[in-house]
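Residue-level structure breakdown
Here is what each chain is made of, one letter per residue.
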Amino acid sequence: MFDRTSKGKRECAYEPEDLQRIQDQPVEENHQAMEIYEQVQKLPEEMKTVVILRFYEDFSLAEIAEVTGAKLSTVKYRLYAGLKNIKATFEEGLA
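Here we summarise the structure given alongside this text. (Residues numbered from 1 in each chain as written. Predicted model: local features only at pLDDT ≥ 70, side-chain atom pairs only at ≥ 80, totals over all residues. Heavy atoms only, no water.)

**Thoughts on the overall build of the protein**
Put simply, the rule reads: Only runs of H or I of at least four residues qualify as helices and only runs of E of at least two qualify as strands under DSSP, and these elements are numbered from the N terminus. Categorising residues by exposure relies on relative accessible area from a 1.4 Å probe, with only protein chains included: less than 20% of the type maximum marks a residue as buried, more than 50% marks it as exposed, and the intermediate range marks it as partly exposed. For this analysis, residues touch if any pair of their heavy atoms sits within 4.5 Å. Values of accessible area rely on a 1.4 Å probe in the Shrake-Rupley scheme; residue burial ignores everything except the protein chains shown.
In terms of helices and strands, the protein carries five helices and two strands. Its helices and strands in sequence order give the protein the pattern β-β-α-α-α-α-α, from N to C terminus. A burial count over the protein gives 22% of its 95 residues as buried. Summarising the internal contacts of the protein: among those between residues at least 6 apart in sequence, 35% fall at separations of at least 24. Taken as a whole, the protein presents about 7,300 Å² of accessible surface, with 53% of it coming from carbon and sulfur.

Shown next, in the form of structure tokens:
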């Protein structure tokens, strides 16, 4: 599923069965997932990277620290701050 590019960066190539599974989900779940992903895209770059690697690419926190060159504690901070930001956005929308 992952290919290494010449500069050592990972590139994600989705398999057909992954795309089919997404398409088979109810429309409401897809809509909610898209709303969450849109909020992830609005995060500051460092937080966005950590959130995507953790939840969309299934990296461990230690792997994220290694890939990004950040300390584990920094990765944890960026992850939880990003999630808090996303949660606040959705709670704001409900109020």
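This is not the end of the story, as more comes after the structure.
**Some remarks on the packing of helix α3 (residues 45-56) against helix α4 (residues 61-68)**
We apply this condition: Axis definition: a line fitted to C-alpha atoms, limited for helices to the stretch in contact. Angles are taken between N-to-C directions and run from 0 to 180 degrees. Orientation is classified from the angle alone, with under 35 degrees giving roughly parallel, over 145 giving roughly antiparallel, 65 to 115 giving roughly perpendicular, and any other angle giving oblique. By convention the crossing between two helices is left-handed if the near helix lies anticlockwise of the far one by an angle smaller than a right angle, and right-handed if it lies clockwise. As a working rule, the residues Ala, Val, Leu, Ile, Met, Phe, Trp, Tyr, Cys and Pro are called nonpolar, Asp, Glu, Lys and Arg charged, and the rest polar, with Gly in that last group.
Interaxial distance between α3 and α4 falls to 10 Å at its minimum, and their mutual angle equals 135°. Viewed along their axes, α3 and α4 adopt a mutual orientation that is oblique. In the crossing of α3 with α4, the sense of the turn from one axis to the other is right-handed. Taken together, the residues of α4 that come into contact with α3 (itself represented by Thr49, Val50, Leu53 and Arg54) are Leu61, Ile64 and Thr68. Residue composition of the contact of α3 with α4, grouped by class: four nonpolar, two polar and one charged.

**Considering unusual backbone geometry**
Backbone geometry at aspartate 58 places phi at a positive 60°, although glycine is not the residue there. Looking at the secondary structure, you find aspartate 58 in the loop between α3 and α4.

**What to know about the side chain of lysine 48**
By the secondary structure assignment, lysine 48 is in helix α3. With residues near it in sequence (within four places) discarded, lysine 48 still touches Val40, Gln41 and Leu43.

**Points about a nonpolar patch on the surface**
Just so we agree on the cut-off: To count toward a patch, a residue needs a relative accessible area above 30% and no salt bridge. Like charges then connect within 9 Å, nonpolar side chains (Val, Leu, Ile, Met, Phe, Trp, Tyr) within 5 Å. Salt bridge, as used here, is a side-chain nitrogen of Lys or Arg placed within 4 Å of a carboxyl oxygen of Asp or Glu.
Taken together, the side chains of Ile36, Tyr37, Phe55 and Tyr56 define a hydrophobic patch exposed on the protein surface, amounting to about 350 Å² of accessible area. Sorting the residues of the nonpolar patch by element identifies α2 (27-41) and α3 as the ones contributing at least two each. Structurally, tyrosine 56 can be placed in helix α3. With a relative accessible area of 33%, tyrosine 56 lands in the partly exposed category.

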